[in-house]
Amino acid sequence: MTMSRLPDIVIKRVYDPYDVTDGIRILVDRLWPRGLHKSDVKMDYWLKNVAPSPELRHWFAHDPAHWDEFQINYRHELLHGNADLSRLIEIASQHKVTLLYAARNPLCNHALVLQKFLTDTLSKK
């Protein structure tokens, strides 16, 4: 019997310092984070297309009143998949991954939804 490895997926603000325990660092925002130069960000990949669509991002606008509906709509977008999401799933199935995001609210951001989606997806495999 083979034991499957539980996914090790954490989230972290892109503005937080790099740590050697971060594993593979992947920026999961569609837009480049404000106030940072590319040389300021220690990352391995920038997978823009795992982020919410521009329409959903604009509608959500990080308004906590939209949080519940945003989660449903973003998860629906993720279910449709794309090349970046497939790449992310592949990486996360083999390595520790830190999802980097720029949103200010640590309790209401798309990286939380993405982390849960990835964990659920990989746990089923």
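Up top is the structure these notes are about.
Residues numbered from 1 in each chain as written. Predicted model: local features only at pLDDT ≥ 70, side-chain atom pairs only at ≥ 80, totals over all residues. Heavy atoms only, no water.

Draft legend 1. Geometry of the overall build of the protein. What the protein contains, in helices and strands, is four helices and four strands. Against the 2.2 N^0.38 benchmark of 14 Å for 125 residues, the protein shows a C-alpha radius of gyration of 14 Å, consistent with a compact globule. Long-range pairs, those at least 24 residues apart, make up 64% of the contacts in the protein with a sequence separation of at least 6. Split by element, the accessible area of the protein, about 7,500 Å² in all, is 55% carbon and sulfur. With 17 positive and 15 negative side-chain charges, the protein shows a spacing of 3 Å between the two charge centroids. (Helix = DSSP H or I, 4+ residues; strand = E, 2+ residues; numbered from the N terminus. Rg over C-alpha atoms; globule rule 2.2 N^0.38 Å. Contact = heavy atoms within 4.5 Å. Areas by Shrake-Rupley, 256 points an atom, 1.4 Å probe, with all protein chains shown as cover. Lys, Arg positive; Asp, Glu negative; His and termini not counted. Charge placed at Lys NZ, Arg CZ, Asp CG, Glu CD.)

Draft legend 2. How the structure looks around the pattern of salt bridges. Under the criterion given, the structure shown has five salt bridges. In this structure, Asp22 and Lys12 form a salt bridge, with 3.0 Å as the shortest nitrogen-oxygen distance. Here Asp22 is found in the loop between strand S1 (9–13) and strand S2 (24–27), whereas its partner Lys12 is found in strand S1, with 10 residues between them in sequence. With respect to burial, Asp22 and Lys12 carry one shared label: buried. For Arg75, the salt bridge is made with Asp120, and the minimal N-O distance between the two is 3.1 Å. Note that Arg75 is positioned in helix H2 (residues 67–80) and Asp120 in helix H4 (residues 110–124), a separation of 45 residues in sequence. Among the ionic contacts, a cluster of salt bridges with common partners joins Lys12, Asp22 and Arg25. (Salt bridge = Lys/Arg side-chain N within 4 Å of Asp/Glu carboxyl O. Buried < 20%, exposed > 50% of the residue type's maximum accessible area, 1.4 Å probe, protein only.)

Draft legend 3. Structural view of the side chain of Arg25. With respect to the element layout, Arg25 can be found in strand S2. With residues near it in sequence (within four places) discarded, Arg25 still touches Lys12, Pro17, Tyr18, Asp19, Lys42, Met43, Asp44, Tyr45, Thr98 and Leu100.

Draft legend 4. Structural view of unusual backbone geometry. In this model, Ala61 sits at a positive phi of 50 degrees, which is unusual for a non-glycine residue. Positionally, Ala61 belongs in the loop between helix H1 (54–60) and H2. You can call Ala61 exposed: its relative accessible area is 52%. Here the phi dihedral of His62 falls at roughly 55 degrees; this positive angle occurs in a residue that is not glycine. Checked against the element boundaries, His62 lands in the loop between H1 and H2.

Draft legend 5. Expanded view of the packing of aromatic side chains. Enumeration according to the criterion identifies five aromatic pairs in this entry. Pairing Trp32 with Trp46 gives two aromatic rings, centres 5.0 Å apart and planes at 70 degrees, and the pair type is edge-to-face. One end of the pair, Trp32, is in the loop between S2 and strand S3 (45–46); the other, Trp46, is in strand S3, with 14 residues separating them in the sequence. Among the residues examined, Trp32 registers a relative accessible area of 21% and is labelled partly exposed. Looking at Trp46, the relative accessible area reads 23%, which means it is partly exposed. Seen in terms of ring centroids, Trp67 and Phe70 are 5.9 Å apart; in terms of plane orientation they differ by 25 degrees. Their pairing is stacked. Taken as a pair, Trp67 and Phe70 lie in helix H2 at a separation of three residues, close to a single helical turn. We note that Trp67, like Phe70, is buried. Taken together, the aromatic side chains of Phe60, Trp67, Phe70 and Tyr74 make up a single cluster linked through ring pairs. (Phe/Tyr/Trp six-rings, centres within 6.5 Å; stacked < 30°, edge-to-face > 60°.)

Keep in mind these values describe shape, not function.
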